[in-house]
Amino acid sequence: MKMVLASKNTHKLMEMKAILGQLGVEVVLESDVGVDVDVEETGETFEENAALKARAVMEATGLPAIADDSGLCVAALGGGPGVYSARYGGEGLTDADRYQLVLDGLRGELDRSAKFVSCICCAFPGGDTITARGECPGVITYAPRGEDGFGYDPVFFLPEYKKTFAQMTAEEKNAVSHRGRALAKFKTELENYLHGTDQ
Ligand code: IMP
């Protein structure tokens, strides 16, 4: 079975290919099937945004489509930046500008608990959808630490590992991350679905 990844991100493509290849699923990019769908992420939850993206690409291609939506939720910021993580603070900011905004927002705050959330949705042409959510709890540091990773990685600290995401190797991060957990659940859900529908 062929599935289209509703993303232009080749890093996500590699992750999806590695996991779903084990189920005999061929994952391709939108550009491989000649579409370029621009979806406005108007949902208020990660689930809604992932479903919006997956459905739009499924409708444009007639093929099952997979999308994901993720972000950082900080308790003392009322769950923000949440679904606005990628655009927190507005257009034109760097990753460092955005995580600095989070640090500024937590100045003097004792509750620094946070979690990363990832939601993956697959929309099938018949109207069925499969959704999987992964979460990774942690705390926000007082200053950035580590050089690797992207986004909010330098300020997201895992007490059990005594490291931020930016101080972990890709393997270490994938083993515990929100995305790694969502992908593992998604694989199981998809396996059950494909068995159930005999495809
Ligand atoms: P998405 O591509 O729409 O899911 O955007 C999610 C945004 O959340 C990214 O632009 C990052 O700012 C943030 N984010 C999601 N996952 C991670 C992660 O693993 N590390 C750091 N930031 C992340």
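Residues numbered from 1 in each chain as written. Predicted model: local features only at pLDDT ≥ 70, side-chain atom pairs only at ≥ 80, totals over all residues. Heavy atoms only, no water.

Enquirer: Any details on the side chain of S118? Residues and values, ideally.
Expert: Here S118 is to be found in strand β4 (residues 113-123). Among residues more than four places away in sequence, those in contact with S118 are D69, S70, A132, R133, G134, H178, R179 and A182. (Helix = DSSP H or I, 4+ residues; strand = E, 2+ residues; numbered from the N terminus. Contact = heavy atoms within 4.5 Å.)

Enquirer: Before we move on, could you go through unusual backbone geometry and cite the residues and values that matter?
Expert: A cis amide bond links G80 with the next residue in sequence, P81, at an omega value of -5 degrees. Within the secondary structure, P81 sits in the loop between β3 (65-74) and α3 (95-105). A positive phi angle, close to 55 degrees, is found at K162, a residue other than glycine. Among the secondary structure elements, K162 is positioned in the loop between β6 (156-158) and β7 (163-164).

Enquirer: Can you break down the sheet that holds strand β5 (residues 129-140) residue by residue, with the values?
Expert: With mixed pairing, the seven strands of this open sheet are ordered in space as β2-β1-β3-β4-β5-β6-β7. The two strands at the open ends of the sheet, each matched to only one other strand, are β2 (26-29) and β7. As defined by bridge partners, strand β1 (residues 2-5) adjoins β2 across four bridges and the pair is classed as parallel. When the bridges of β2 are listed, V4 appears paired with V28. The strands touched by helix α1 (residues 10-20) are β1, β2, β3 and β4; relative to β2, the strand with the most contacts, the crossing angle is about 170 degrees. Against the sheet, helix α2 (residues 46-61) makes contact with β1, β3, β4 and β5, and its axis sits at roughly 160 degrees relative to β3, the strand it touches most. (Pairing = 2+ DSSP bridges. Axes fitted to C-alpha atoms, helices over the stretch in contact; angles between N-to-C directions.)

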